[in-house]
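Letter by letter, the chains look like this.
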Amino acid sequence: MSRPRFFNAPRKGENFELRADLNSEYRERRSDAIKRVIANMTVGKDVSGLFPDVLKNMQTDDLEQKKLVYLYLINYAKTQPELVILAVNTFVKDTADPNPLVRALAIRTMSMLRAEKIIDYLSDPLERCLKDDNPYVRKTAAICVSKLYDIKPELAIEGGFVDQLRDLVGDSNPMVVANAVTALTDIHQTATEQGLDTFFIIDASVLQKLLIALNECTEWGRIAVLSALARYRTNDEKEAEHICERAMPQFQHANGAVVLSAVKVVLIHMDHITKPDFVKQLIRKMAPPLVTLVSAAPEVQWVALRNINLILQKRPEVLSSELRIFFCKYNDPSYVKLEKLEIMIKLANERNVDMLLSELKEYASEVDLDFVRKSIRAIGQCAIKIDAAAERCVHVLLDLIATKVTYVVQEAVVVIKNVFRRYPSQYEGIIPTLCANLEELDEPEAKASLVWVLGEYCEKIDNAEDLLASFLDSFLDEPYQVQFQILVAIVKLFLKKPDGPAQGVVQRVLELATKEADNLDLRDRAFIYWRLLSSEDSEAGKSIVLAPRPPISIPLTSVSPALLDELIGELSSLSSAYHKPANTFIGKGRYGAADSQRGVTREAALATVVQGTRAENLLDFGEDDEQAGSTEAAAGSNSAAGGLGALDEMISDAPAGRSGRAPQPAAASQLNDLLGL
């Protein structure tokens, strides 16, 4: 009795056809089938079911076909760990193939499979490849040692592979040296993170080997060697000079990463050089390659500018005569323009400040508001940084105020406040111009800045009382930043002009701040001022509110000295672009994209559960909860009343009718009852 037709295995489908072609007796059909399998794998189709059939095609003389099969094995080794063991014999056989490309391909694939069963068979082929006559095989095997250490550190150490890797640093071929240095650096970083002993110690003998191989390596090999040279620490001045001399030719390289790596080496070892003439020579040769990097594509420009920013904080004299290079172009992206502004401020001095001010004044007419604001702030930074140029900067700011462009005027007012803080009792003649633009100010920072100026120089402004009193009508509607400045300015006015209308103005602002304002910090400050003004010692308030303040200044560096030294050692890396140490944005554990996505999904799920639980608690309004909430609210209001009562006693000598107790808004009270607070 024959089986029904629908019980038979389906004979149609792409995988069935591929399986048939993979087992074909014709070589061309097998080769074409492997290409189709790789194409399907590339677009995301699951072809893991063809693993045994693809595995049969490993033993071939066609190098292209062998590469495709190895690529398939690397992709599906984790899903088919039992079948991968069948390929061991072929791998071992290929590591002894007469063709060096096949030997290198086999040992590289074995190290990339990351399967425990394969790793156990890797020792003998890897040891043989590390001693291979062909440098291409040796350089490939060097990287395999790093991968082996990542998978099974004890095997890499006990098998002597790390020691053989150290021996390869003295290899006659520069490619092998570069890969050995790369692998040892990777192992060194992993061991350091795990708290183990370091395996890559650079001494004088290793240093000479690295310097010999430097000029003969490929560009990425040079980066690896230069990074290793930057790790080397020496106390010998002659040795430091020798390292700098060998690194300087790399300034002419076309690859920007090589240039920045060479700059890093020179900056680190320059600290040990005491000869001023030699240091000037190094600085003079360092400038042209950095200027060249600024003329690259915008993305490369931004990375170069971030690195240059750090270099200038370490050595400001490197680009002291290259200000024009950093002038913004009309087609520069905004992120490039903002970085250039920061660098221009660092390069500003008495010789080039006039040229810089004329350039910044042009930037103030741009359409990018953020860039315009930063440009105006840069003018103020020039005034604060260079005393001799302060008056010229103030005239430029007055010209910008005369344009009557709202956002330009407001930013200029903020900057002028900082100029007053740097040069007190100077440039008081521009205060009437600022007061004339009072109606145009609507941004909190600008309005707060002008109020600060009014309070600081109220004794020299005839109508200061009227100007400050005009802010009281809208006091409660103003942002907290402005309210604070209004309170402080009026108290200063009263202390400087105690007679006249100032007394009524200060009484009104204190009542508004203590009774009707809802900001607790503002209330506390108002109560303190109230107590100071009510004190028998009339000088107590003046000694606190009118105390002299030190003039402000611009910090020379944007990061701490210790962090700057660390970031200089990380030039041409993400750390130098972010201006942060690597451990602040890179996790310690090594994991793939799938693990990362799994962790994100799990965290999102947990967050959703927590939010749901909170929502259930908030929406659970039972009678018991309401009673408990009302009881707690009553207790809270009693304790609050007791606290304010004590405050009333503290300011008992304040004017009559001026209570420190501020009524609680009705809406807030209802919300507290609702939430049981």
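Note: the structure precedes this text.
Being a predicted model, the structure only gives us computed values, none of them experimental.

J.: Can you explain the nonpolar core? Please cite residues and give values.
T.: Counting residues in each nonpolar core, the largest one holds 211 residues, and the members touching the most others are Tyr72, Leu73, Leu126, Leu290 and Leu319. Non-local contacts of Leu126, meaning those with residues more than four positions away in its chain, are made with Ile107, Ala141, Cys144, Val145, Leu148 and Phe161.

J.: Help me get a handle on the packing of aromatic side chains, residues and values and all.
T.: The tally for this structure, following the rule as stated, stands at 7 aromatic pairs. For the ring pair Tyr363 and Phe371, a centre distance of 5.2 Å and an interplane angle of 45° mean the geometry is tilted. In terms of burial, Tyr363 and Phe371 fall into one category: buried. Between Tyr423 and Tyr427, the ring centres sit 6.2 Å apart and the planes meet at 90°, which makes this aromatic pair edge-to-face. Among the aromatic residues, those joined into a ring-pair cluster are Phe51, Tyr72 and Tyr76. The cationic tip of Lys337 hangs over the ring face of Phe371; the distance from NZ or CZ to the ring centre is 5.1 Å.

J.: Please provide a residue-by-residue account of helix α30 (residues 520–534), values included.
T.: Given a rise of 1.5 Å per residue, 15 residues ought to cover 21 Å, and the 21 Å separating the end C-alpha atoms of α30 matches this to within 8%. Listed in full, the buried residues belonging to α30 are Leu522, Arg523, Ala526, Phe527, Tyr529, Trp530 and Leu532. Two or three places before Asp521, at the opening of α30, Asn519 has a side-chain oxygen 3.0 Å from that residue's backbone nitrogen.

J.: How would you summarise the environment of Leu267 if you had to cite specific residues and measurements?
T.: Relative to the elements of secondary structure, Leu267 occurs in helix α17 (residues 256–270). When its relative accessible area of 0% is taken as the criterion, Leu267 is described as buried. The sequence separation of Leu267 and Arg315 amounts to 48 residues, and the corresponding C-alpha distance is 8.4 Å. In contact with Leu267, not counting residues within four places along its chain, are Met286, Ile311, Arg315, Ile568 and Leu571.

J.: Requested: an account of unusual backbone geometry, with residues and values cited.
T.: Phi angles above zero are rare outside glycine, and Lys404 is one such case at about 65°. Examined against the element boundaries, Lys404 turns out to sit in the loop between α23 (390–401) and α24 (406–422). Under the relative-accessibility criterion, Lys404 is labelled partly exposed at 46%. With a phi close to 65°, Ser572 is a non-glycine residue in the positive phi region. Take Ser572: it is sitting in the loop between α32 (561–568) and α33 (574–578).

J.: Lay out the pattern of salt bridges in plain terms, naming residues and giving numbers.
T.: Counting across every chain of the model gives 32 salt bridges. Note that Asp399 is salt-bridged to Lys361, the shortest N-O span being 3.2 Å. Of this pair, Asp399 sits in helix α23 while Lys361 sits in helix α21 (residues 353–363), placing them 38 residues apart in sequence. Two residues, Arg377 and Glu411, come together in a salt bridge whose shortest N-O distance is 2.6 Å. Taken together, the positions of Arg377 in helix α22 (residues 369–385) and Glu411 in helix α24 put the pair 34 residues apart, joining distant regions of the chain. For Glu411, a relative accessible area of 4% puts it in the buried group.

So, how was this worked out
- Residues numbered from 1 in each chain as written.
- Predicted model: local features only at pLDDT ≥ 70, side-chain atom pairs only at ≥ 80, totals over all residues.
- Heavy atoms only, no water.
- Core = buried A, V, L, I, M, F, W, Y, C linked by side-chain atoms within 4.5 Å.
- Buried < 20%, exposed > 50% of the residue type's maximum accessible area, 1.4 Å probe, protein only.
- Contact = heavy atoms within 4.5 Å.
- Phe/Tyr/Trp six-rings, centres within 6.5 Å; stacked < 30°, edge-to-face > 60°.
- Lys NZ or Arg CZ within 6 Å of the ring centre and 35° of its normal.
- Helix = DSSP H or I, 4+ residues; strand = E, 2+ residues; numbered from the N terminus.
- Expected span 1.5 Å × (residues − 1).
- Polar contact = N/O pair within 3.5 Å; in protein donor to acceptor, adjacent residues only side chain to side chain.
- Salt bridge = Lys/Arg side-chain N within 4 Å of Asp/Glu carboxyl O.

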